[in-house]
Amino acid sequence: MGVKQRAAVQMSAEEIAQFLDRSRVLTLATLDAEGKPHLTAMWFGYIDGKIYFETKAKSQKAANLRRDPTLTCMAEAGDTYDQLRGVSIEGTAHLIEDPADDEYWNAGIDVFRRYVGPYSEQARPLVESMMHKRIVVRVEPTRIRSWDHRKLGLPAMPLGGSTADVQP
């Protein structure tokens, strides 16, 4: 894709926010002790334009981020070239490990709301259980890339190929 097409498919800040608000899974890349990428699929919170995720305090990704807070995360959608869209965010992890921190609980509540259902005080024990022995990571972006091939105005492409009928 040439420079002109890159500019043509770039999402606006509002489009990025809408896309992330509706996305369900981020692919998260951290760096292991040897500097190799460690990729995981993550549910995430999205509060006031900031991405949060929660993970076990002793998880590999938490260990990686304590050693090197560099990360990249990406949300994507589309099954054919004419429908591909996504957002890739390079940044730094800010670890929130204190359960008494309001930001910690707000992130946990947002993850619950996005994937389980509406939050209420009756749901608090579920969120407390979900957050047991976990940390929250806030993504501090340093670079954001986006693309939306629907902006190219290509004709609709049929879903084809060997993976078209494969159900995950």
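Residues numbered from 1 in each chain as written. Predicted model: local features only at pLDDT ≥ 70, side-chain atom pairs only at ≥ 80, totals over all residues. Heavy atoms only, no water.

**Some points on the overall build of the chain**
For the chain, the helix and strand inventory stands at 5 helices and 7 strands. The order of α-helices and β-strands along the chain, N terminus first, is α-α-β-β-β-β-α-β-β-α-α-β. If you line up the chain on its principal axes, its C-alpha atoms span 50 × 40 × 35 Å. Here the chain holds 168 residues, and 37% of them are scored as buried. Considering only contacts within the chain whose residues lie at least 6 apart along the sequence, 68% involve residues at least 24 apart. Entry remark: accessible area of the chain is about 10200 Å², with carbon and sulfur atoms responsible for 52%. For the chain, the distance from the average position of its 22 positive side-chain charges to the average position of its 23 negative side-chain charges is 3 Å. (Helix = DSSP H or I, 4+ residues; strand = E, 2+ residues; numbered from the N terminus. Buried < 20%, exposed > 50% of the residue type's maximum accessible area, 1.4 Å probe, protein only. Contact = heavy atoms within 4.5 Å. Areas by Shrake-Rupley, 256 points an atom, 1.4 Å probe, with all protein chains shown as cover. Lys, Arg positive; Asp, Glu negative; His and termini not counted. Charge placed at Lys NZ, Arg CZ, Asp CG, Glu CD.)

**A closer look at the layout of surface pockets**
Its boundaries defined by the atoms lining it, the largest pocket holds a volume of some 170 Å³. Lining the largest pocket are 10 residues; nearest its centre among them are Arg6, Gln10, Arg145, Ser146 and Trp147. Those elements giving two or more residues to the lining of the largest pocket turn out to be α1 (3-9) and β7 (134-148). Class assignment of the residues belonging to the lining of the largest pocket gives a composition of 5 nonpolar, 3 polar and 2 charged. (1 Å grid on protein atoms, 1.4 Å probe; cavity = no way out; pocket = protein on both sides within 12 Å on 5 of 7 lines; lining within 4 Å. Points joined across faces, edges and corners; volume = space filled by probe spheres on them. Nonpolar A, V, L, I, M, F, W, Y, C, P; charged D, E, K, R; others polar.)

**Some points on the pairing of strand β4 (residues 50-56)**
For β4, the buried fraction is high: 5 of the 7 residues fall into the buried class. Note that strand β3 (residues 45-47) and β4 share 3 bridges and pair antiparallel. In the strand pairing of β4, Ile47 is matched with Lys50. Counted along the chain from β3 to the antiparallel partner β4, the turn is 2 residues long, and its residue Asp48 has a positive phi close to 50 degrees. (Pairing = 2+ DSSP bridges.)

**With respect to helix α4 (residues 102-115)**
The first and last C-alpha atoms of α4 sit 20 Å apart over 14 residues, in line with the 20 Å expected at 1.5 Å per residue. Within α4, 10 of the 14 residues are buried, which leaves it mostly tucked inside the rest of the structure. If you check the start of α4, you find a side-chain oxygen 2.8 Å away from the backbone N of Glu103, and it comes from Asp101. Downstream of α4 by a residue or two, Gly117 has a phi angle that is positive, lying close to 160 degrees. (Expected span 1.5 Å × (residues − 1). Polar contact = N/O pair within 3.5 Å; in protein donor to acceptor, adjacent residues only side chain to side chain.)

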